[in-house]
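# Coordinates in review
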Amino acid sequence: MNRILKNKIAAGMMFSLTLASISLVVLIGMGLYLKSAPIFKEHSLWELISSADWQPSSGKFGFLPFIGGTLWITGIAVILALPVALLTSIFLSEHSKPYVKKWIFPALDILAGIPSVVYGVWGILLVVPWVSEVLAPHFVEYATGYSTLSGGIVLGVMILPLLISLFVEIFAAVPRDLRDAALSLGATRWQTSKLVILRKTLPGLLAAVMLAISRAFGETIAVLMVCGNIPLLPHSLFDSCYPLPALIANNYGEMLSVPMYESALMLAAFFLFIVVLIFNTSSRAVIYKLERKFQ
Amino acid sequence: MKEFQYKNPTRATWAEDYSFLNNDLDNSKLEGDKNKKSNLKVTDLNLYIHQHHILKNVSLEIPDNKITCIIGPSGCGKSTLLKTFNRLIDDTEGIRYDGSIWVDDVDIFDKKTEITDIRKKMGLLSQRPCPLPMSIYDNITFGCKLHGIRNKKRLAEIVEEQLKAVGLWEEVKDRLHAPASKLSIGQQQRLCLARGLAVEPEFILADEATSALDPISSKHIEELFVELKKDYAIILVTHTLRQALRIADHVIFMYLGKVIEAGPADEIFNNPKEELTRKYLEGAFS
Ligand SMILES: Nc1ncnc2c1ncn2[C@@H]1O[C@H](COP(=O)(O)OP(=O)(O)O)[C@@H](O)[C@H]1O
Ligand SMILES: [Mg+2]
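Small disclaimer: the values here were computed from a predicted structure and weren't measured.

## Examining the pairing of strand β1 (residues 40-49) of chain B
On a regular strand, each side chain points to the face opposite its neighbour's, so the side chains alternate between the two faces of the sheet. Residue and element names in this part refer to chain B. One ladder, built from seven bridges, connects β1 with strand β2 (residues 52-62); its direction is antiparallel. Paired with Leu 47 across the strands is Leu 55, a residue of β2. Here β1 folds back onto β2, and the loop between the two strands holds two residues, one of which, His 50, carries a positive phi near 50°. Pairing of β1 with strand β4 (residues 95-103), which is carried by eight bridges, proceeds in the antiparallel orientation. The residue of β4 that forms the bridge with Tyr 48 is Arg 96.

This is the structure:
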C-alpha cells in the first residue's frame with residue numbers, strides 16, 4: 001500500500017472519530033432535551049428558572065434555588081482556590097528548589113486522585129463543625145454548618161490540585177529566554193513572575209480556571225454531603241443550599257411516580273449540560289482574543 | 001584603532017562588502033564623550049553543572065569601548081560564560097562555580113553583591129529576539145520602571161531616544177502601543193536592544209544575536225554594535241567567524257571550556273600563537 005493512501009486512510013479515520021465524539025455530545029444534548037420536553041407543556045422556561053418554589057407533588061418546579069446554589073458554591077470554591085493555587089504554583093515553578101517539586105507533585109497527584117466521597121467525609125468531620133462552631137457564631141445566631149460555605153470550601157479544596165498542576169504546567173511552558181529577558185533588565189524573581197510570566201500566561205491560566213469551573217459545576221457527591229440540601233435560595237454563606245447535581249443524584253429513581261418529576265430532573269441535567277457547554281465555548285473565545293492581543 | 005590587514009587572501013574575502021567598518025571612530029573622539037570606565041575581569045573561573053566541568057580555569061579581561069567576540073566550536077562553553085557574567089546561569093539546575101568575576105571592581109559572586117545591580121549593568125541580547133508580552137512602548141519602559149523612573153514625560157523621552165538609537169523610531173512611532181510581538185523578527189531584535197539600552201547598562205552581552213535574523217537585519221544589528229561601542233563594552237558570542245572578522249576588535253577563542261587564546265582581533269586572525277586557534281580559523285573543526 002502506498003504512503004499517500006495510508007495517510008488518507010489515517011486522516012479519514014481520525015476525522016470520523018472526531019465526528020463521532022462530536023455527535024455523541026449532540027446526541028446527549030438532544031436526549032436530555034427530549035426527555036425534559038414534556039415539562040414545557042405546562043411551564044414556560046422563564047417560569048422554571050425564575051421561580052424559587054419547589055414542590056413537585058403539587059406540580060411546582062422552580063429551579064432557582066438549585067441554580068443559585070450551584071453558582072454560589074462554585075463561586076466560593078474558585079474565589080478560595082484561585083489565589084492559593086496561583087501563589088503555590090508560582091512558588092513551585094519559579095522559586096522552589098527541584099527537590100521540593102519532587103515531593104510536592106506526587107502529593108498533588110494523590111490529592112487529585114482521592115475519591116470525591118472521601119472529601120465529603122473530610123468535610124463532614126472537619127469543615128462542617130468548624131463552620132458551625134468556630135466561624136458562624138461570629139456572624140449568625142445558629143448554624144448547622146451544613147452550608148453553602150462548607151460546600152464551597154470542600155469544592156475549593158477539591159479543585160486545588162487540578163488548578164495547581166495545570167498552572168505549573170502552563171508556567172513550565174514559558175521559554176527560559178523570556179525569564180532571562182526580564183531578569184537581565186534587573187527585575188527580581190517576583191517582579192518577573194508578576195509582570196511578565198503571569199501576563200504571558202494569562203490566556204492559559206484563564207483556560208485552566210474555566211476547566212476547573214466546569215469540573216466544579218458538575219461535582220456532586222462531596223458537595224451534597226456537606227451543603228445541607230434544602231431547596232431554598234441561600235441568603236447567607238451559612239444557609240444550606242441544594243446544587244443541581246445533588247438534586248439529580250438524590251432524587252433520580254425515587255418519586256418518579258410524581259407527574260413531570262422525571263422530566264424536571266432531566267431538565268436539571270440539561271441545564272448543567274448547557275451551562276458547561278456555554279462556559280467552555282465562551283472561555284475559548286476569550287482565550288482566543290487574549291492570545292491575539294499578547295501572543 | 002587599527003584597520004584590519006588581512007594577510008591571508010582567502011580570509012580577506014570573508015569580510016567583503018562591509019565597508020561600514022571603515023567608518024570606525026577614531027580614538028580622540030572616543031575619549032571626549034566618555035568618562036565612565038567599564039571594567040570586566042574574570043579570574044580562575046571554574047564552573048560545573050552537576051558533575052560536568054564546563055568552564056575550566058577561565059581568566060580573561062574585557063576591554064572597554066571595544067567589540068569583544070567570543071568564538072569557538074559549539075558546546076565549548078561560550079553561552080555559559082556569557083550567562084555567568086550577569087549570573088543568569090544561577091537558575092541552572094546543579095550549578096556550582098568558583099573563582100571571581102570583577103565588574104567595576106566588585107566581585108559579582110560576593111554574597112553582598114546585589115544581583116539586580118549587576119544585571120542592570122549588562123544588557124542582554126539573546127539568540128532569538130524575546131519581546132516581553134506587552135506593547136512596544138512598555139517593552140522599553142519596563143526596565144526603567146523597575147529602577148524607579150515613574151515620570152511619564154521622562155519615560156516618553158527615553159522611549160524615543162532609545163528607539164532612535166537602534167533606528168526603529170521611524171518604523172514604529174505611529175504604533176508604539178501595539179504589541180511588540182507584531183513586529184518583524186529583525187525589528188524585535190532591535191527593540192530588545194533598545195530595551196536593554198534603556199536601563200543604561202555598561203556592557204552589552206549578545207549570544208549569537210543575529211543567527212535568527214535575515215542578512216539585512218543582521219547587518220543592521222552589526223552596524224549598531226559598531227556604532228554603540230563608543231559608549232559600551234560589547235561582548236558578542238558569535239556563531240560565524242565571518243561576523244567576528246567583520247566587527248571584532250578583540251577576540252577570545254575557547255575550546256572545550258578553556259580559553260585558548262585572547263587578544264586583539266588582527267593578531268588572533270592573522271597571527272595566532274596557538275596551534276588550536278590556527279586550526280579553528282582554517283576551518284579544521286567547527
Ligand atoms: N543545563 C545544562 N546541563 C548540563 N550540561 C549543560 C547545560 N547547559 C550547558 N551544558 C553543557 O555545557 C557545555 C557548554 O554549553 P554552551 O555554553 O551552551 O556552549 P556554546 O554556547 O559554546 O555552544 C556543553 O557541553 C553543554 O552540553
Ligand atoms: Mg551557545
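## What about the nonpolar core?
Counting 49 residues, the largest nonpolar core has B:Leu163, B:Leu193 and B:Phe225 as the members making the most contacts within it. Taken together, domain 1 (14-121 + 201-285) and domain 2 (133-198) of chain B each give at least three residues to this core, which thus spans both. Ignoring anything within four residues of it in the chain, the contact list for B:Leu193 reads B:Leu125, B:Val166, B:Ile204, B:Leu224, B:Phe225 and B:Leu228. Core analysis: the next-biggest nonpolar cluster, separate from the first, contains 42 residues, A:Val168, A:Val174, A:Ala187 and A:Phe217 among them.

## Quick notes on the sheet that holds β4(B)
The strands making up a sheet are joined through hydrogen bonds of the backbone, oriented either antiparallel or parallel. All names here are of chain B. Taken in spatial order, the four strands make up an open sheet running β2-β1-β4-β5, and their pairing is antiparallel. The sheet terminates laterally at β2 and β5 (106-107), the two strands that pair on one side only. Pairing of β4 with β5 involves two bridges; the strand directions are antiparallel. Looking at the pairing, Trp 102 lines up with Asp 107 of β5. Contacts from helix α3 (residues 78-85) reach β1, β2 and β4, with the element oriented near 60° to β2.

## Remarks on the interface of chain A and chain B
Contacts between the two partners involve 23 residues from chain A, matched on the other side by 29 residues from chain B. Each partner contributes to the roughly 2100 Å² buried at the junction of chain A and chain B, and carbon and sulfur atoms together form 62% of this total. Looking at the side of chain A facing chain B, the largest losses of area belong to A:Arg176, A:Ser184 and A:Leu185, adding up to 30% of the total buried there. Inspection of the region where chain A meets chain B yields two salt bridges. Where chain A touches chain B, the interface holds five residue pairs in polar contact (both at pLDDT 80 or more). When residues of the side of chain A that touches chain B are traced back to their parent elements, those giving at least two are α7 (176-184), α8 (189-218) and α11 (261-294) of chain A.

## Details of the domain arrangement of chain B
All names here are of chain B. Segmenting chain B into domains produces domain 1 (14-121 + 201-285) and domain 2 (133-198). Using C-alpha coordinates to define each centre, domain 1 is positioned 25 Å away from domain 2. Opposite the 13 residues of domain 1 that make contact, domain 2 presents 10 residues. When the two sides are added together, the surface that domain 1 and domain 2 hide from each other amounts to roughly 990 Å², 75% of it contributed by carbon and sulfur. Taken together, the connections running from domain 1 to domain 2 amount to zero salt bridges. Along the contact surface separating domain 1 from domain 2 lie one residue pair in polar contact (both at pLDDT 80 or more). The residue makeup of the side of domain 1 that touches domain 2, split by class, is 10 nonpolar, two polar and one charged.

## Let's talk about the domain arrangement of chain A
All names here are of chain A. The domains assigned to chain A are domain 1 (2-40) and domain 2 (41-294). A straight line from the C-alpha centre of domain 1 to that of domain 2 covers 29 Å. Contact with domain 1, which involves 11 residues of that partner, is made by 16 residues of domain 2. Summing both partners gives a buried area of about 1200 Å² for domain 1 against domain 2, and 74% of it is carried by carbon and sulfur. By the criterion of area lost to domain 2, the three top residues of domain 1 are Leu 32, Ile 39 and Phe 40, representing 55% of everything that side buries. Inspection of the region where domain 1 meets domain 2 yields one salt bridge. One salt bridge in this structure joins Lys 35 and Glu 262, with 3.6 Å as the shortest N-O distance. Applying the counting rule to domain 1 against domain 2 returns eight residue pairs in polar contact (both at pLDDT 80 or more).

Cut-offs and rules
Residues numbered from 1 in each chain as written. Chains lettered and ligands numbered in written order. Predicted model: local features only at pLDDT ≥ 70, side-chain atom pairs only at ≥ 80, totals over all residues. Heavy atoms only, no water. Pairing = 2+ DSSP bridges. Helix = DSSP H or I, 4+ residues; strand = E, 2+ residues; numbered from the N terminus. Core = buried A, V, L, I, M, F, W, Y, C linked by side-chain atoms within 4.5 Å. Buried < 20%, exposed > 50% of the residue type's maximum accessible area, 1.4 Å probe, protein only. Domains from an automatic or database assignment. Contact = heavy atoms within 4.5 Å. Axes fitted to C-alpha atoms, helices over the stretch in contact; angles between N-to-C directions. Buried area = accessible area lost by both parts, 1.4 Å probe. Salt bridge = Lys/Arg side-chain N within 4 Å of Asp/Glu carboxyl O. Polar contact = N/O pair within 3.5 Å; in protein donor to acceptor, adjacent residues only side chain to side chain. Nonpolar A, V, L, I, M, F, W, Y, C, P; charged D, E, K, R; others polar.

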